[in-house]
Amino acid sequence: MRKAPLSLLALTLAGLLAGCDQGPDQATVVAYAASAQPADPALAEIYQRSCQACHSRGTSDAPLVGDETAWQPRLEQGMDTLLTHVVEGYGGMPPYGLCMDCNAAEFEQLIQFMSHYPDNS
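Since the structure is predicted, the reported quantities are computational estimates derived from the model, not experimental observations. (Residues numbered from 1 in each chain as written. Predicted model: local features only at pLDDT ≥ 70, side-chain atom pairs only at ≥ 80, totals over all residues. Heavy atoms only, no water.)

### Some points on helix H5 (residues 79–88)
(1) Moving on: Turning to H5, its buried residues are Met79, Leu82, Leu83, His85 and Val86. For H5, the angular spread of buried residues about the axis comes to 155°, placing them on one side. Those residues of H5 that are exposed and aimed more than 90 degrees away from the buried face are Asp80 and Glu88.
(2) Moving on: Looking at the packing, one finds that the buried side of H5 touches helix H4 (68–75) and helix H6 (104–114).
(3) Moving on: Residue Gly89 follows H5 closely and has a positive phi angle near 85°. (Buried < 20%, exposed > 50% of the residue type's maximum accessible area, 1.4 Å probe, protein only. Helix = DSSP H or I, 4+ residues; strand = E, 2+ residues; numbered from the N terminus. Arc of directions from axis to C-beta. Contact = heavy atoms within 4.5 Å.)

Laid out in structure tokens, this is it:
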């Protein structure tokens, strides 16, 4: 019986361990997104009327609430860029995310809520 080189075993183990920190599977994220609500009642009201339709169902290109894999490339652009995209509209997202009375702080809180799965925040 041939033994695998130590480096191959180390790479395999590293790959397996890296997979352990990937967060929930897609089915779990979809279930979470369907029912997630911000804890703050005022923010929850904004979310329900302006964000939930696109970010909770997976029927558009909008990243689902809690789908950290989908949100990661967006977050890497920085909060200023994300806020600009919200205000100006971006892709299929309408300007102000349909919340014409929201301010930058509320948008940032909503982005923080939507972009993190609760166990990985």
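Okay, back to it.
### Re the pattern of salt bridges
(1) Moving on: Under the definition given, this model contains 2 salt bridges.
(2) Moving on: A salt bridge links Arg49 to Glu45; the nearest nitrogen and oxygen atoms lie 2.8 Å apart. Note that Arg49 and Glu45 are positioned in helix H3 (residues 41–55) at a spacing of 4 residues, about one turn of the helix.
(3) Moving on: The class for Arg49 is partly exposed, based on a relative accessible area of 41%.
(4) Moving on: In this structure, the salt-bridge partner of Asp101 is Arg49, at a minimum N-O distance of 3.2 Å. Taken as a pair, Asp101 in the loop between H5 and H6 and Arg49 in helix H3 lie far apart in primary sequence, 52 residues in all.
(5) Moving on: Classification of Asp101 by relative accessible area gives exposed; the value is 56%. (Salt bridge = Lys/Arg side-chain N within 4 Å of Asp/Glu carboxyl O.)

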